[in-house]
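Geometric and topological summary
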Amino acid sequence: MAQHSCYLVTGGAGFIGSHLCEALLRLGRQVVVLDNFNSFYDPAIKEENWRQVRATAAAVGAELVQCKGDLRSEADVERAFRSLREPADAAVVHLAAMAGVRPSIADPLYYNDVNINGTLRILEACRTFNVRHISFASSSSVYGNNRKVPFAESDNVDFPISPYAATKKAGELLCHNYHHLYGLSVACLRFFTVYGPRQRPDLAIHKFTQLLAEDRPLPFFGDGTTRRDYTFITDTLQGILGSLDWLAASSAPVYDIFNLGESRTISLNELVDLLGRAIGKTPRLERLPQQPGDVDCTFADISKSREMLGYSPRVEIEEGLAEFVRWYRDWKKND
Ligand code: NAD
């Protein structure tokens, strides 16, 4: 698993990034992290994630380099790339971004700047530092309100319904540009709502858990029939590591797009019911209209990822939610 000797993980202090750093460190690889610890959500959460990443590095004796800096700064990005022990045997996992659909509607220029210009900055550095492989965090949101389910990578994604989705699609296009012009090998990974320990507090599972625990009503958008394909973090990690193996195994430059979901969906109504049971509380709902930019359904066709990345998601939603609630309670106890 994971054939490169070193990795640059952008966004390594975040939810998915901190788990990925730990997985790569456990494989004995050098890990360089570029993250600006921004305040999109409480930076103390990122500091805690980072403390755990450092503890793992110390426990397994693998090299971890922190480059606190911004994706959009040439100097910060160069400092991170210069820290890679062997750029020719390195891969980048580009996770840093402004995430979230609704806040992107409030601040589209900022999302554009970080997600598009920042991605371009990383691709430029791959070219100049001769780093040949990159896995890019795209999103299921690029499918917009695709009516055909499940969503396949070959479906048309020309109709994003939020600025965030448009920036992710733009990122995929820029990646293809660098593949075509400079022979960069790229895996664009379309994550489907990821959850699990350390999940971002702005996402529904985390937000609802907190509100239920505090006996407060849940803001409930729409009639509850919207459906999501929720992916447990260990399954997402399996897909990312699979993409790194795929990149390392290809002798010629490659470019492809992969869905990473569970290929199972549940409705918002079912999610709230399951969470209420996992926490032992009856949910009270504050009913609100469906939000512009929110899609009706996400549902991943994962046959291509299964075949090409050996991806095989395992965690059922009931088991994943129980694990999340366990983590949440421990985390709050030590808060
Ligand atoms: P996260 O917000 O926890 O992590 C992103 C990290 O990037 C943060 O630590 C943040 O400080 C950093 N960052 C943001 N802007 C930066 C900048 N300008 N310079 C340097 N660092 C910066 O988010 P996450 O949930 O871990 O998501 C990781 C990636 O996966 C993102 O690209 C996101 O769009 C994508 N994604 C996530 C999900 C999900 O359900 N979590 C779904 C689809 C796609």
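Check the entry above for the structure.
The structure presented is a predicted model; accordingly, all values stated were derived computationally and were not measured.

Tallying secondary structure elements over the protein chain gives eleven helices and 13 strands in all. Taken over C-alpha atoms, the radius of gyration comes to 19 Å for the protein chain, in line with the 20 Å a tight globule of 335 residues would show. Seen through its principal axes, the protein chain has C-alpha atoms that stretch 55 × 45 × 40 Å. Residues classed as buried in the protein chain amount to 58% of the 335 residues present. Considering only intrachain contacts with a sequence separation of at least 6, the fraction spanning at least 24 residues in the protein chain is 83%. Surface summary for the protein chain: the accessible area is close to 13,700 Å², and the carbon and sulfur share equals 50%.

So, about the sheet that holds strand 4 (residues 90-94). Taking strand neighbours across the sheet as the criterion, the seven strands line up as 3-2-1-4-5-6-11 in an open arrangement whose pairing is parallel. Looking at strand neighbours, the two that pair on one side only are strand 3 (64-68) and strand 11 (255-260), the edges of this open sheet. Within the sheet, the average angular offset between the axes of one strand and its neighbour, ignoring direction, is 15°. Both strand 5 (residues 133-139) and strand 6 (residues 185-191) contribute to a ladder of seven bridges, which runs parallel. Bridging from a neighbouring strand, S139 pairs with F191 of strand 6. Packed on one face of the sheet, helix 6 (residues 163-182) meets strand 5, strand 6 and strand 11 and runs near 160° to strand 5.

Moving on, we come to the environment of S138. By secondary structure assignment, the location of S138 is in strand 5. The exposure class assigned to S138 is buried, which follows from its relative accessible area of 3%. Along the sequence, S138 and C21 sit 117 residues apart, while their C-alpha atoms lie 18 Å from each other. Those residues in contact with S138 that lie beyond four places of it in its chain are K168, E172, L189, R190 and F191. Polar contacts involving the side chain of S138 include one to the side chain of E172, which spans 2.7 Å.

This paragraph deals with the site of the ligand. Among the 30 residues in the neighbourhood of the ligand, the closest are listed as D35, Y41, L95, Y164 and V194. Contact between the ligand and K46: an oxygen atom at 3.0 Å from a side-chain N or O atom of the residue. L71 is positioned with one of its backbone polar atoms (N or O) 2.9 Å from a nitrogen atom of the ligand. Taking 820 Å² as the accessible area of the ligand by itself, protein coverage stands at 98%. Here the shell around the ligand gets three residues from one element, more than from any other, and that element is strand 5. Of the residues belonging to the shell around the ligand, the class tally is 16 nonpolar, eight polar and six charged.

Another point: the pairing of strand 5. Extensive coverage of strand 5 is indicated by the burial of seven of its seven residues. Burial along strand 5 is two-sided: H133, S135, A137 and S139 facing one way and I134, F136 and S138 facing the other are all buried. Pairing analysis gives four bridges linking strand 4 to strand 5, with the strands arranged parallel. By the bridge assignment, H94 is partnered in strand 5 with F136. After leaving strand 5, the chain enters helix 6 and then returns to the sheet as strand 6, a path that is right-handed.

Parameters at a glance
- Residues numbered from 1 in each chain as written.
- Predicted model: local features only at pLDDT ≥ 70, side-chain atom pairs only at ≥ 80, totals over all residues.
- Heavy atoms only, no water.
- Helix = DSSP H or I, 4+ residues; strand = E, 2+ residues; numbered from the N terminus.
- Rg over C-alpha atoms; globule rule 2.2 N^0.38 Å.
- Buried < 20%, exposed > 50% of the residue type's maximum accessible area, 1.4 Å probe, protein only.
- Contact = heavy atoms within 4.5 Å.
- Areas by Shrake-Rupley, 256 points an atom, 1.4 Å probe, with all protein chains shown as cover.
- Pairing = 2+ DSSP bridges.
- Axes fitted to C-alpha atoms, helices over the stretch in contact; angles between N-to-C directions.
- Polar contact = N/O pair within 3.5 Å; in protein donor to acceptor, adjacent residues only side chain to side chain.
- Near = heavy atom within 4 Å.
- Nonpolar A, V, L, I, M, F, W, Y, C, P; charged D, E, K, R; others polar.
- Right-handed = clockwise from strand over helix to strand, strands pointing away.

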